[in-house]
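Analysis of the macromolecular model
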Amino acid sequence: MDKFIVGGNGPLTGEVASSGAKNAALPILCAALLSDAPLHLSNVPKLWDINTTKKLLSQMGVKVEQTGEHEISLDAKPITTHIAPYELVRTMRASILVLGPLVAARGEAHVSLPGGCAIGARPVDLHLMGLKAMGAEITLEGGFVHAKAAKLKGARIVFDTVTVTGTENLMMAATLADGETVLENAAREPEVVDLAKCLRAMGAKIEGEGTTTIRIQGVKALHEASHAVLPDRIETGTFLVAGAATRGKVRVTRTDPAMLDAVLVKLQQAGALVRTGTDFIEVDMQGRRPQAVNIHTMPHPGFPTDMQAQFMAMNCLAEGVGVVKETIFENRFMHAQELIRLGAEIRIDGHTAITTGKDRLAAAPIMATDLRASAALVIAAMMAEGETVIDRVYHMDRGYEDIEGKFSALGAKIKRVGRQF
Ligand SMILES: CC(=O)N[C@H]1[C@@H](OP(=O)(O)OP(=O)(O)OC[C@H]2O[C@@H](n3ccc(=O)[nH]c3=O)[C@H](O)[C@@H]2O)O[C@H](CO)[C@@H](O)[C@@H]1O
Ligand SMILES: C=C(OP(=O)(O)O)C(=O)O
């Protein structure tokens, strides 16, 4: 199993380019199932989750062709099966995103239930509730969701909780339903907007993405299209926090500052000078120690749960006390125990983590428990004295392209041991 060896270093400085967004690319790859015509994608990041999705679609009979380093063309015409097996789904929860497109376009889907994961229970009841409202017959058996519908019907669906992949699944399903579907209390994440943009390029009729009400008029069929995946705001935010935590100056290019409003406010509160242009963001700590910040995770445009762990890492060596409240997932503090192994002072009280900034952290063997926890541990290890060994970095490979290459370009001492990705 791969490990990272991370040496403590001074301020990170320099420039890195953002890759395409994992959380936009995954639903967009699944959208290919909606059509018998090819879908050509660019700016697709090189990640394990993308490989898993390619495998999942290929084993269904979809023709998946890597046409360039970051380009993929898909053709779902030759599809032979509508089964998403447990072996693939258990390694990537986002596999549930094949459910809506399969029922809508192929009339049937057998998708393994994803189950819980390191950050929480993560049920998919709202995905199923929406498909039922659209007329699908749903049964659960042997750990699988079986969904059937000769033709889905438009419906008004009110989410009682904001769900990103739930919104995406039902938006995709609705593109081919009879009549109008209205999604109320829909997720407003930029990745939902990017999916709508891709679906529209395929011929779907969608309005209101990026607001809490999305209207979809079903069409008979979708056609050939091309789409460039939007930049990864969480990857961008991770490099910016690493810059701030190490008292450095980091610029991330090929990004969009408008997607990171809540994160940039927190970086400013931490004491960073933040400069933005149309496609870059720069943080500059001017050598200063960061101030601890308080975080309250919320659906977009609130502070993203996927940035919570990285800010907690920064708070460990910051000036003062930082209170982090996690409201999206019930178990997203696994990184805290590992940060404590590096000498951090963190008290967990239910869904709140209270960090008191220390003067120093020191290296220790630690273990990554999920994707963003891994990023937090790398940031903390860069601030710790000595060489930290981080185990189970396969979590990080799920969602960060060439993470050690990009951190090294900023001056980090990070080395992978074991198999290369
Ligand atoms: C592939 C992808 O895009 N993953 C993102 C997506 O995950 P994902 O789409 O799985 O997260 P959701 O937005 O669905 O989850 C939000 C909350 O809703 C609950 N819920 C969700 C669905 C459901 O049917 N019932 C239910 O109760 C969840 O348990 C959670 O408490 O959004 C999360 C929240 O921004 C991010 O952390 C993930 O990175
Ligand atoms: C939680 C995440 O991803 P997933 O929903 O794929 O587990 C994430 O991207 O931080």
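Treat the numbers as computed from the prediction; the structure is a model and nothing was measured. (Residues numbered from 1 in each chain as written. Chains lettered and ligands numbered in written order. Predicted model: local features only at pLDDT ≥ 70, side-chain atom pairs only at ≥ 80, totals over all residues.)

Some remarks on the UniProt feature "binding site: UDP-N-acetyl-alpha-D-glucosamine" (unreviewed entry) in the protein chain
Residues annotated by UniProt as "binding site: UDP-N-acetyl-alpha-D-glucosamine" (unreviewed entry) correspond here to R93, R122, P123, V124, D125, L126, D306 and I328. With respect to the helices and strands, V124 occurs in the loop between β7 (108-112) and α5 (125-133). For V124, the residues in contact, after removing those within four places along its chain, are I96, L113 and P114. Contact partners of D306, with chain neighbours within four places excluded, come to I234 and R372. (UniProt positions renumbered as here; feature names shortened; annotations may be inferred. Helix = DSSP H or I, 4+ residues; strand = E, 2+ residues; numbered from the N terminus. Contact = placed C-beta atoms within 7 Å.)

Concerning the domain arrangement of the protein chain
Domain boundaries assigned for the protein chain yield domain 1 (2-19 + 231-418) and domain 2 (22-228). Using C-alpha coordinates to define each centre, domain 1 is positioned 30 Å away from domain 2. Contacts between domain 1 and domain 2 engage 18 residues on the former and 15 residues on the latter. Residues belonging to the side of domain 1 that touches domain 2 are distributed by class as follows: 5 nonpolar, 5 polar and 8 charged. (Domains from an automatic or database assignment. Nonpolar A, V, L, I, M, F, W, Y, C, P; charged D, E, K, R; others polar.)

Points about the site of ligand 1
Taken together, 22 residues are adjacent to ligand 1, and N23, L126, T163, V164 and T165 come closest. Counting residues per element, the ones that place at least two in the shell around ligand 1 are α1 (22-31), α5 and α6 (164-174). Inspection of the shell around ligand 1 shows a minimum of three residues originating in each of domain 1 (2-19 + 231-418) and domain 2 (22-228). (Near = placed C-beta within 6 Å.)

Looking at helix α7 (residues 190-201)
Side chains of residues three or four places apart in an α-helix project in the same direction, reflecting 3.6 residues per turn. For α7, with 12 residues, the first-to-last C-alpha span of 17 Å sits near the 16 Å given by 1.5 Å per residue. Turning to α7, its buried residues are P190, E191, V192, D194, L195, A196, C198 and L199. Buried-residue contacts for α7 involve α1, α6, β12 (205-207), β14 (225-228) and α8 (233-245). After α7 finishes, the residue G203 shows a positive phi value of roughly 110 degrees. (Expected span 1.5 Å × (residues − 1). Buried ≥ 20, exposed ≤ 12 C-beta atoms within 10 Å, placed from the backbone.)

Some remarks on the packing of helix α10 (residues 308-316) against helix α11 (residues 334-341)
Relative orientation of the contacting elements α10 and α11 amounts to 25 degrees, with a least axis distance of 10 Å. Between α10 and α11, the angle falls in the class roughly parallel. Along this stretch, α10 crosses α11, giving a crossing that reads as right-handed. Residues A309, M312, A313 and C316 of α10 form the contact with α11, whose participating residues are H335, A336 and L339. Among the residues forming the contact of α10 with α11, the class breakdown is 6 nonpolar, 1 polar and no charged. (Axes fitted to C-alpha atoms, helices over the stretch in contact; angles between N-to-C directions. Parallel < 35°, antiparallel > 145°, perpendicular 65-115°, else oblique. Left-handed = near helix turned anticlockwise from the far one by under 90°.)

Brief notes about the nonpolar core
The biggest cluster of nonpolar side chains holds 71 residues, and the ones touching the most others in it are A31, A32, L33, V98, V103, M171 and A173. Setting aside residues no more than four positions away along its own chain, A32 makes contact with L39, L57, V62, L74 and A76. The next biggest cluster of nonpolar side chains, apart from the first, holds 66 residues, and it includes F311, A313, L342 and A384. (Core = buried A, V, L, I, M, F, W, Y, C linked by C-beta atoms within 7 Å.)

What about the pairing of strand β11 (residues 180-184)?
Along β11, the buried face is formed by T181 and L183; none of E180, V182 and E184, which line the opposite face, is buried. Here 3 bridges tie strand β10 (residues 156-158) to β11, and the two strands are oriented parallel to one another. By the bridge assignment for β11, I157 is matched with L183. In terms of handedness, the path from β10 via α6 over to β11 forms a crossover that is right-handed. (Pairing = 2+ DSSP bridges. Right-handed = clockwise from strand over helix to strand, strands pointing away.)

Section: the pairing of strand β3 (residues 39-42)
The side-chain alternation of β3 yields one buried face, formed by L39 and L41, and one unburied face, formed by H40 and S42. Direction of pairing for β3 relative to strand β5 (residues 71-75): antiparallel, over a ladder of 3 bridges. Residue pairing in the sheet places L41 in a bridge with I72 of β5. The sheet contact formed by β3 and β14 spans 4 bridges and is parallel.

Some words on the packing of α1 against helix α2 (residues 48-59)
In the contact formed by α1 and α2, the axes pass within 10 Å of each other and the chain directions differ by 5 degrees. Between α1 and α2, the angle falls in the class roughly parallel. Here K22, A25, L26 and L29 of α1 lie close against α2, whose contacting residues are D49, I50, T53 and L57. Split into classes, the residues belonging to the contact of α1 with α2 amount to 5 nonpolar, 1 polar and 2 charged.

Brief notes about the UniProt feature "modified residue: 2-(S-cysteinyl)pyruvic acid O-phosphothioketal" (unreviewed entry) in the protein chain
The positions that UniProt labels "modified residue: 2-(S-cysteinyl)pyruvic acid O-phosphothioketal" (unreviewed entry) are, in the present scheme, C117. Here C117 shows up in the loop between β7 and α5. Exposure remark for C117: the 16 C-beta atoms within 10 Å place this residue in the partly exposed category. What C117 contacts, discounting residues up to four positions off in sequence, is R93 and R122.

So, the site of ligand 2
Surveying the vicinity of ligand 2 reveals the residues N23, R93, A94, D306, L371, R372 and G399. Taken together, the residues of the shell around ligand 2 sort by class into 2 nonpolar, 2 polar and 3 charged. Looking at which domains feed residues into the shell around ligand 2, each of domain 1 (2-19 + 231-418) and domain 2 (22-228) gives three or more.

Focus on the sheet that holds strand β4 (residues 63-68)
Taken in spatial order, the 4 strands line up as β4-β5-β3-β14 in an open sheet, and their pairing is mixed. Both edges of this open sheet fall to β4 and β14, since each of them pairs with a single strand only. Direction aside, the axes of adjacent strands within the sheet are offset by 20 degrees on average. Across 5 bridges, β4 lies against β5 in antiparallel orientation.

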